[in-house]
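Chain residues, written in single-letter form:
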Amino acid sequence: MDNPVIMVLGFPVSIAVAAPLLSFLLSFFFILWLIKVRTDWVLDRPNERSLHSVPVSRIGGLGLLLGVVAVWLCFSITIPNTVLIGAGLLMVISLADDVWRIPVWCRLMVHTVVAIGFSIVFLLDAYGWGLVIFTVVVVIWMSNLYNFMDGSDGLAGGMTVIGFGVYGWLAYVAGNNNFAVINFSIAAAATAFLIHNFYPARIFMGDVGSIPLGYLAAVIGLLGWLDRLWSIWVPVLIFSPFIADATVTLIKRLFQGKRIWQAHCEHYYQRMVQSSLGHRNTALVAYGLMLTTGASAVWANAQDVALQIRMAMIWGSVYLVLMVVSDWHHKTHSDQG
């Protein structure tokens with residue numbers, strides 16, 4: 001796709017600018033309408049594991065994604081039908097879960113079908129069943145870890161803005177404007193959501209937003225790799241703040257014999273919120289980390305694979321040190337309490 005222009009009020013505007021701008025505006029007003037509705041069946045009511053104290057609407061992700069899809073259709077953006085159908089199925093089952101609480105096995109079944117569909121279509125012929133199976137696990141996990149990390153005002157929204165913004169920038173500099181617009185539209189819609197979601201949040205993303213966005217983070221990362229826009233390590237680096245927290249927390253709970261599908265407050269970001277940092281400062285610290293990992297991914301993409309692997313190992317070591325310090329600090333204060 002070239003970088004065509006359209007006429008807006010008599011002025012030529014690049015689609016690379018017009019599409020994200022429209023995505024921002026549509027999502028902003030969709031979400032504003034969802035906030036005004038405030039019906040009881042979409043309110044997230046506080047419980048003993050919540051980090052909020054008043055009921056808040058939990059389907060903001062619906063407005064975010066409706067703005068994105070509307071723009072993709074309006075500008076005839078080329079995106080694989082498999083990806084669109086997969087995201088649509090995840091939106092439907094996740095919205096149903098936000099409203100009626102669907103059983104875990106039912107949700108995971110849909111997540112698995114969507115992941116298998118993508119992996120078979122794009123990977124089976126060229127790479128075989130080994131990579132297909134591995135990718136299915138990665139896509140399912142990325143979809144769910146994004147949901148696990150959506151528990152603090154502004155956190156998942158910020159990751160979406162930065163993560164898909166970096167995807168868009170890398171696609172743009174590589175000359176793939178269609179792929180850039182796909183990602184910039186998501187980042188722009190997430191910016192609109194963040195205006196409503198930053199502390200104190202007036203609306204939450206909910207499963208209807210976090211599950212499909214996690215899926216898109218995984219599959220767009222893989223599609224960019226297949227199109228040789230970036231190394232496979234680049235998506236890992238970009239989303240490593242979420243990947244590290246959610247994965248380590250899951251492993252710890254497995255070793256402790258806890259039910260990993262149950263809601264809890266053991267993520268590292270949840271500890272930060274419950275400390276003196278609170279929602280606002282936790283989000284700001286996270287944004288700094290996300291921007292740094294995103295910048296390192298952009299830099300690493302221009303380097304050889306060996307250097308990219310070393311960069312991933314460096315970040316892994318940074319996360320390990322931060323988590324060890326956090327665990328020690330948490331244990332010390334728990335013992336004192």
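Before any of the text, the structure's been laid out above.
Let me begin by describing the structure that accompanies this report.

Calculation criteria
- Residues numbered from 1 in each chain as written.
- Predicted model: local features only at pLDDT ≥ 70, side-chain atom pairs only at ≥ 80, totals over all residues.
- Heavy atoms only, no water.
- Patch = residues over 30% accessible without salt bridge, like charges linked within 9 Å, V, L, I, M, F, W, Y side chains within 5 Å.
- Areas by Shrake-Rupley, 256 points an atom, 1.4 Å probe, with all protein chains shown as cover.
- Salt bridge = Lys/Arg side-chain N within 4 Å of Asp/Glu carboxyl O.
- Helix = DSSP H or I, 4+ residues; strand = E, 2+ residues; numbered from the N terminus.
- Buried < 20%, exposed > 50% of the residue type's maximum accessible area, 1.4 Å probe, protein only.
- Phe/Tyr/Trp six-rings, centres within 6.5 Å; stacked < 30°, edge-to-face > 60°.
- Expected span 1.5 Å × (residues − 1).
- Contact = heavy atoms within 4.5 Å.

Observations concerning a nonpolar patch on the surface
On the surface, a cluster of nonpolar side chains totalling about 450 Å² of accessible area is made up of V104, L108, L254, I260 and W261. Note that I260 resides in the loop between α9 (240-255) and α10 (268-274). Residue classification places I260 among the partly exposed positions, given a relative accessible area of 31%.

Focus on the packing of aromatic side chains
Counted under the stated rule, the structure contains 15 aromatic pairs. Summarising the aromatic geometry, the rings of F118 and F122 are spaced 4.8 Å apart at their centres and angled 35° between planes, so their arrangement reads as tilted. You can see F118 and its partner F122 sitting in helix α4 (residues 104-148), 4 residues apart, about one turn around the helix. Its relative accessible area of 1% is what places F118 among the buried residues.

Structural notes on unusual backbone geometry
A negative phi angle characterises most non-glycine residues, just as the trans form characterises most peptide bonds. Residue P200 is bonded to the preceding Y199 through a cis peptide linkage, with omega at -5°. Considering the arrangement of structural elements, one finds P200 in the loop between α6 (177-197) and α7 (207-226). Positioned with a positive phi, R101 is a non-glycine residue whose angle comes to about 65°. Its place among the elements puts R101 in the loop between α3 (81-100) and α4.

A closer look at the pattern of salt bridges
For side chains of opposite charge, pairing can occur when their charged atoms come near one another. With the rule as written, the count across this model stands at 5 salt bridges. R107 is paired through a salt bridge with D97; the nearest N and O atoms lie 3.4 Å apart. Residue R107 is found in helix α4, and its partner D97 is found in helix α3; the two are separated by 10 residues along the sequence. Salt bridges sharing common partners tie together K252, R271 and D327.

Here's the deal with α3
When the terminal C-alpha atoms of α3 are compared, their 28 Å separation across 20 residues agrees well with the 28 Å that a helix rising 1.5 Å per residue should span. V83, G86, A87, L90, M91, I93, S94, A96, D97, D98 and V99 are the residues of α3 that are buried. At its buried positions, α3 is contacted by α2 (60-74), α4 and α7. Just beyond α3, the residue with positive phi is R101, at close to 65°.

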